[in-house]
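Overview (structure and organization)
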Amino acid sequence: AEQAFQNYFAVLTISLIAFMPGISQMSFGYVVIGMTTAWAIWVVLRVLKSVSAAVEGPSRVRMFRRYLLSLAGFAILIYGGWTLSFGKTDDRSVVAAGLLLLLISATIVSWELLVAMAAEKFGVRR
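A brief look at the structure comes next. (Residues numbered from 1 in each chain as written. Predicted model: local features only at pLDDT ≥ 70, side-chain atom pairs only at ≥ 80, totals over all residues. Heavy atoms only, no water.)

1. Digging into the side chain of Ser70
- By secondary structure assignment, the location of Ser70 is in helix H3 (residues 58–86).
- On the basis of relative accessibility, which here comes to 0%, the residue Ser70 falls in the buried class.
- There is a polar contact of 2.8 Å between the side chain of Ser70 and the side chain of Asn7.
- The residues contacting Ser70, other than those within four sequence positions of it, are Gln3, Asn7, Leu102 and Ser105. (Helix = DSSP H or I, 4+ residues; strand = E, 2+ residues; numbered from the N terminus. Buried < 20%, exposed > 50% of the residue type's maximum accessible area, 1.4 Å probe, protein only. Polar contact = N/O pair within 3.5 Å; in protein donor to acceptor, adjacent residues only side chain to side chain. Contact = heavy atoms within 4.5 Å.)

2. What to know about the packing of aromatic side chains
- Across all of its chains, the model carries four aromatic pairs by this definition.
- The interplanar angle of 85° and the centroid separation of 5.9 Å between the aromatic rings of Phe9 and Trp39 together place this pair among those described as edge-to-face. In this pair, Phe9 is assigned in helix H1 (residues 2–18) and Trp39 in helix H2 (residues 25–53), connecting sequence segments 30 residues apart.
- A relative accessible area of 10% places Trp39 in the buried class.
- Judged by centre distance (5.8 Å) and plane angle (75°), the rings of Tyr30 and Phe86 are edge-to-face. One end of the pair, Tyr30, is in helix H2; the other, Phe86, is in helix H3, with 56 residues separating them in the sequence.
- Tyr30 gets classed as partly exposed once you look at its relative accessible area, which sits at 41%. (Phe/Tyr/Trp six-rings, centres within 6.5 Å; stacked < 30°, edge-to-face > 60°.)

3. Topic: the packing of H1 against helix H4 (residues 93–122)
- H4 packs onto H1 with a crossing angle of 150° between their chain directions and a minimal axis gap of 8 Å. One way to sum up the angle between H1 and H4 is to call them roughly antiparallel. As for the relative orientation of H1 and H4, their crossing is left-handed in sense. Contacts between H1 and H4 involve Gln3, Ala4, Asn7, Tyr8, Ala10, Val11, Ile14 and Ser15 on the former and, on the latter, Val95, Leu99, Leu102, Leu103, Ser105, Ala106, Thr107, Val109 and Ser110.
- Looking at side-chain class alone, the contact of H1 with H4 contains eleven nonpolar, six polar and no charged residues. (Axes fitted to C-alpha atoms, helices over the stretch in contact; angles between N-to-C directions. Parallel < 35°, antiparallel > 145°, perpendicular 65-115°, else oblique. Left-handed = near helix turned anticlockwise from the far one by under 90°. Nonpolar A, V, L, I, M, F, W, Y, C, P; charged D, E, K, R; others polar.)

4. Observations regarding H1
- Here H1 contains 17 residues, and its C-alpha end-to-end distance of 24 Å stays within 8% of the 24 Å for a straight helix at 1.5 Å per residue.
- All buried positions along H1 are accounted for by Gln3, Ala4, Gln6, Asn7, Ala10, Val11, Thr13, Ile14 and Ile17. (Expected span 1.5 Å × (residues − 1).)

5. Points about the environment of Ser24
- Within the element layout of this structure, Ser24 appears in the loop between H1 and H2.
- Accessibility expressed as a relative area gives 32% for Ser24, which makes it partly exposed.
- At a separation of 2.9 Å, a polar atom in the side chain of Ser24 contacts the side chain of Ser27.

Next up, the structure:
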């Protein structure tokens, strides 16, 4: 649940900043880099904690795979912020692609959580 919430919050925050009147391309790029780097550090720490707590074998692989899409989204956001800050073009499509990856990741994780909760409630083994 924490991972999904963090991804949704990142998407919402960066999207709202993109719509701020008068924000320059360079300023938006710096904000995207700063905020995304902070979130990415949090995700990496969460990945390390979760993977080390998981039991050996398929559980660890599944745990790492769950975070892979989020990490890719944050990496694309950092790259998009970099191109906005130091590039010559105002191409926000890279940032949009990173945000879409975070939305997809959050939706997948939310769905897995709902399925697990339903399975636990009704005693169904997955």
